[in-house]
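So the chains spell out like this:
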Amino acid sequence: MSRVYNFAPGPAMMPEEALATAAREMLDFGGTGMSVMEMSHRSKGYQAIFDEAGELLRSLMHIPDNYSVLFLQGGATGQFAAVPLNLLKTKADYVDSGNFAHGALTQAEAYGEIHCIASSREDNYTYIPDITPEMVEQDADYVYITTNNTIFGTRYAALPETGAVPLVADMSSNILSEPYDVSRFGVIFAGAQKNIGPAGLTVVIVRKDLLGSPRKDCPKVFNWTLMDEKGSMLNTPPTYAVYMTGLCLKWLQKQGGVEGITQVNIEKARLLYETLDNSAFYRPTARPESRSRMNVTFTTPDPDTDALLVKEAAAQGLVNLKGHRLVGGLRASIYNAMPIEGVQALCAFLKEFERKNA
Ligand SMILES: *Cc1c(COP(=O)(O)O)cnc(C)c1O
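This text gives an overview of the structure that appears in the document. The shown structure was predicted, so the numbers you read here are calculated from the model rather than taken from an experiment.

1. Some details on the site of the ligand
Step number 1: The environment of the ligand is formed by 13 residues, the closest being Thr 77, Thr 150, Asp 170, Gln 193 and Lys 194.
Step number 2: Protein chains bury 86% of the 380 Å² of accessible surface belonging to the ligand in isolation.
Step number 3: Looking at the shell around the ligand, the element that brings in the most residues is helix 3 (residues 75-87), giving four residues.
Step number 4: A breakdown of the residues in the shell around the ligand according to their chemical character gives three nonpolar, eight polar and two charged.

This is how it looks when you write it as structure tokens:
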């Protein structure tokens with residue numbers, strides 16, 4: 001067996017231990033004679049798997065009791081609509097810090113008055129725009145941010161102060177990568193396929209006082225209040241994705257939880273940015289103060305060399321380094337499941353590639 005270091009932005013690398021356990025349990029889960037995929041979501045056996053995944057997430061993120069954890073479908077993109085459908089009464093404030101933030105903003109415009117209070121769009125999202133407390137409208141229903149911008153490789157170094165206005169965060173690409181004080185947020189949501197588990201599951205963490213007044217036209221599957229009442233099982237949940245998520249969260253727990261993995265993530269990002277900064281050949285694209293620890297974006301001197309790098313790296317088992325078309329160049333996504341050895345191998349490759357091509 002030969003596994004590669006997969007730097008894909010998502011679906012992304014998963015802990016090998018979780019995959020191995022799933023393989024072992026594939027045909028016969030815990031003596032049931034069936035795969036988890038074949039279990040009824042209404043069975044006691046499956047309910048235990050579902051509950052355990054939720055409890056692990058609660059414990060790893062230290063989610064307070066006054067928050068509900070929902071396991072939904074439809075991806076983070078589904079939540080771009082669900083957020084206004086559940087929270088928007090009159091108007092909301094959005095921060096346009098990247099392509100997904102922009103997508104959320106334009107989706108929300110279908111449902112009401114949306115104000116873009118800060119944006120870095122004009123500079124191709126190379127930084128997180130400043131948000132001062134005065135910019136937040138105190139009569140807004142919520143303020144919307146994207147804590148890590150996957151495509152552009154930027155991250156909020158500090159959360160905005162929103163006073164009494166609930167802060168809503170798309171945390172798809174850096175949830176569980178560093179400690180966040182959940183009580184600072186009204187809502188956190190994330191597609192699982194970056195840093196939680198496999199695609200198919202969407203996690204929504206919502207403060208309970210924000211439930212209870214969805215818009216009338218909110219589809220039932222996006223209705224947080226209804227889904228909370230039904231234990232996320234109004235309809236069939238993504239059963240296998242939740243099981244896999246549980247295995248990934250158990251692995252994370254063994255790494256010392258979010259606190260433990262944070263130290264590894266800081267070191268991984270430091271190694272990679274140091275390699276890029278110490279070179280006149282590579283150019284990181286995000287401003288230093290806004291750099292992501294999860295998605296590292298950079299270029300070589302020209303697009304042909306970028307393409308050569310992607311090809312040669314892949315031949316050495318360092319795959320999926322091509323940048324998003326909106327940025328070009330290269331992107332190394334180094335989520336929790338990317339071992340530090342993968343980043344060390346990438347740094348060594350980058351130095352050698354520079355020596356040969358500079
Ligand atoms: C990947 C991503 C999305 C889109 O997620 P889907 O699950 O594909 O809908 C949205 N926001 C951010 C920050 C992402 O990284």
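Now that the structure has been shown, the text picks up again.
2. Observations concerning helix 6 (residues 239-254)
Step number 1: Between its first and last C-alpha, helix 6 extends 23 Å over 16 residues, near the 22 Å set by a 1.5 Å rise per residue.
Step number 2: Within helix 6, 13 of the 16 residues are buried, which leaves it mostly tucked inside the rest of the structure.
Step number 3: Within two residues after helix 6, Gly 256 carries a phi angle of roughly 90°, on the positive side.

3. Section: the packing of aromatic side chains
Step number 1: Applying the stated criterion to the full structure yields 14 aromatic pairs.
Step number 2: Aromatic side chains Tyr 94 and Tyr 142 sit 5.7 Å apart centroid to centroid with 65° between the ring planes, which places their arrangement in the edge-to-face category. Of this pair, Tyr 94 sits in strand 3 (residues 91-96) while Tyr 142 sits in the loop between strand 4 (113-119) and strand 5 (143-146), and the two are 48 residues apart along the sequence.
Step number 3: Overall, the relative accessible area of 0% leaves Tyr 142 in the buried class.
Step number 4: These aromatic residues form a ring-pair network of at least three members: Phe 80, Tyr 94, Tyr 142, Tyr 144 and Phe 189.

4. Details of the pairing of strand 3
Two faces belong to every sheet, and in a regular strand the side chains alternate between them.
Step number 1: With six of its six residues buried, strand 3 lies for the most part within the structure.
Step number 2: Where burial is concerned, the two faces of strand 3 agree: the one with Lys 91, Asp 93 and Val 95 and the one with Ala 92, Tyr 94 and Asp 96 are both buried.
Step number 3: Bridge count for strand 3 against strand 4 is six bridges, and the pairing is parallel. Looking at the pairing, Val 95 lines up with Ala 118 of strand 4.
Step number 4: What joins strand 3 to strand 4 is helix 4 (residues 99-108), and the crossover it makes is right-handed.
Step number 5: Bridge count between strand 3 and strand 5: two bridges; the pairing is parallel. Of the residues in strand 5, the one forming a bridge with Asp 93 is Val 143.

5. Description of the sheet that holds strand 11 (residues 283-284)
Strand pairing in a sheet relies on backbone hydrogen bonds, with the paired strands running either antiparallel or parallel.
Step number 1: Taken in spatial order, the three strands make up an open sheet running 11-12-14, and their pairing is antiparallel. Both edges of this open sheet fall to strand 11 and strand 14 (330-333), since each of them pairs with a single strand only.
Step number 2: As defined by bridge partners, strand 12 (residues 295-299) adjoins strand 14 across four bridges and the pair is classed as antiparallel. Bridging across to strand 14, Asn 295 finds its partner in Ser 333.

6. Brief notes about the sheet that holds strand 2 (residues 67-72)
Step number 1: Reading across from one edge, 2-10-9-8-5-3-4 is the order of the seven strands in this open sheet, with mixed pairing throughout. The outermost strands of the open sheet, each flanked by one partner alone, are strand 2 and strand 4. Across this sheet, the average inter-strand angle for adjacent strands is 20°, counted without regard to direction.
Step number 2: Sheet analysis places strand 5 next to strand 8 (residues 167-170), joined by four bridges and oriented parallel. Bridge assignment links Val 143 to a residue of strand 8, and that residue is Leu 167.
Step number 3: Sitting on the sheet, helix 2 (residues 44-61) is in contact with strand 2, strand 9 (187-191) and strand 10 (202-207), with an inclination near 130° to strand 2.
Step number 4: Packed onto the sheet, helix 3 meets strand 2, strand 3, strand 5, strand 8, strand 9 and strand 10 and runs at close to 155° relative to strand 9.

About the cut-offs
- Residues numbered from 1 in each chain as written.
- Predicted model: local features only at pLDDT ≥ 70, side-chain atom pairs only at ≥ 80, totals over all residues.
- Heavy atoms only, no water.
- Near = heavy atom within 4 Å.
- Areas by Shrake-Rupley, 256 points an atom, 1.4 Å probe, with all protein chains shown as cover.
- Helix = DSSP H or I, 4+ residues; strand = E, 2+ residues; numbered from the N terminus.
- Nonpolar A, V, L, I, M, F, W, Y, C, P; charged D, E, K, R; others polar.
- Expected span 1.5 Å × (residues − 1).
- Buried < 20%, exposed > 50% of the residue type's maximum accessible area, 1.4 Å probe, protein only.
- Phe/Tyr/Trp six-rings, centres within 6.5 Å; stacked < 30°, edge-to-face > 60°.
- Pairing = 2+ DSSP bridges.
- Right-handed = clockwise from strand over helix to strand, strands pointing away.
- Axes fitted to C-alpha atoms, helices over the stretch in contact; angles between N-to-C directions.
- Contact = heavy atoms within 4.5 Å.

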